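Residue-level structure breakdown
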Amino acid sequence: MPLKSLLLAALGGIVAAALLTGVVVHLTVSNLVPRLIPPGLASWFLLLFVLVFSLGELPPMILALRRMVRSASNPIGSALAMLTTAAFVFFAAFYAAPFTMLTGQVVIGIALAALCLLRLLCVWLFVPTV
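Now for a description of the structure that goes with this document. In this text the structure is predicted, and so the values were computed from the model without any measurement.

**Focus: the overall build of the protein chain**
Helix and strand content of the protein chain: six helices and zero strands. Taking the principal axes of the C-alpha coordinates as reference, the protein chain spans close to 50 × 25 × 20 Å. Residues classed as buried in the protein chain amount to 39% of the 130 residues present. In the protein chain, 81% of the contacts between residues at least 6 apart in sequence involve partners at least 24 apart. Working note: accessible area of the protein chain is about 7300 Å², and carbon and sulfur atoms make up 80% of it.

**Here we look at unusual backbone geometry**
Leaving glycine out, the prevailing phi sign among residues is negative, and the prevailing peptide bond configuration is trans. Positive phi is not limited to glycine here, since Asn-31 has a value of about 60°. Along the chain, the position of Asn-31 falls in the loop between helix H1 (3-29) and helix H2 (41-56).

**Here we look at the side chain of Thr-85**
By the element assignment, Thr-85 lies in helix H4 (residues 75-103). Owing to a relative accessible area of 1%, Thr-85 belongs among the buried residues under this scheme. With residues up to four places along the chain from it excluded, the contact list for Thr-85 reads Leu-6, Ala-9, Ala-10, Leu-65 and Val-123.

**Here's the deal with the side chain of Glu-57**
You can see Glu-57 is positioned in the loop between H2 and helix H3 (58-71). Contacts of Glu-57, omitting those with residues within four sequence positions, involve Phe-91, Tyr-95 and Arg-119.

**Focus: empty space enclosed by the protein**
Enumeration according to the criterion identifies one cavity of 30 Å³ or more in this entry. For the largest cavity, the calculated volume is near 40 Å³. Elements that contribute at least two residues to the lining of the largest cavity include exactly H1, H4 and helix H5 (106-113). The greatest single-element share of the lining of the largest cavity, amounting to four residues, is contributed by H4. Per-class residue counts for the lining of the largest cavity are seven nonpolar, three polar and no charged.

**Notes on the packing of aromatic side chains**
Summed over all chains, the structure comprises seven aromatic pairs. Plain terms: the ring middles of Phe-53 and Tyr-95 are 5.2 Å apart, the flat faces sit at 90° to each other, and that makes the pair edge-to-face. Highlighted residues: Phe-53 in helix H2 and Tyr-95 in helix H4, separated in sequence by 42 residues. Note on Tyr-95: relative accessible area 15%, which makes it buried. With a centroid separation of 4.8 Å and an interplanar angle of 50°, the aromatic rings of Phe-91 and Phe-94 are classed as tilted. One end of the pair, Phe-91, and the other, Phe-94, are both in helix H4, three residues apart, so they sit about a helical turn from each other.

**As for the environment of Phe-99**
Position of Phe-99 relative to the elements: it lies in helix H4. Considered as a pair, Phe-99 and Phe-88 are 11 residues apart in the sequence and their alpha carbons are 18 Å apart. If sequence neighbours within four positions are ignored, Phe-99 has contacts with Ser-43, Leu-46, Leu-47, Val-50, Gly-104, Gln-105, Ile-108, Gly-109 and Leu-112.

What counts as what
- Residues numbered from 1 in each chain as written.
- Predicted model: local features only at pLDDT ≥ 70, side-chain atom pairs only at ≥ 80, totals over all residues.
- Heavy atoms only, no water.
- Helix = DSSP H or I, 4+ residues; strand = E, 2+ residues; numbered from the N terminus.
- Buried < 20%, exposed > 50% of the residue type's maximum accessible area, 1.4 Å probe, protein only.
- Contact = heavy atoms within 4.5 Å.
- Areas by Shrake-Rupley, 256 points an atom, 1.4 Å probe, with all protein chains shown as cover.
- 1 Å grid on protein atoms, 1.4 Å probe; cavity = no way out; pocket = protein on both sides within 12 Å on 5 of 7 lines; lining within 4 Å.
- Points joined across faces, edges and corners; volume = space filled by probe spheres on them.
- Nonpolar A, V, L, I, M, F, W, Y, C, P; charged D, E, K, R; others polar.
- Phe/Tyr/Trp six-rings, centres within 6.5 Å; stacked < 30°, edge-to-face > 60°.

Right, dumping it as structure tokens:
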């Protein structure tokens, strides 16, 4: 699988992440979603949980993507590897969305969603292509 195809899939994940983050920020800023977790210790624990989960899945997912890309010898396997890559990059925003909506902390939520750029970098550096 060429690197260009893999990076295009990852960029698709970034576009989806940007769209989700934009919707969540709009809902949060316009007060359409009530803040259920007040500022303080509870929001810090939620931030820590989301951050550990988002960063902790990087190594196993990179290993899985490496295997998928290496074994993708037909169009279906390549499509599945590209879809998984896009989802991997997108899920940083998916983890950030509940944090942002539950706590109302938009800046930290955007920073959590920006971890999709780290995921893109990991795909680019650590997933070998043919």
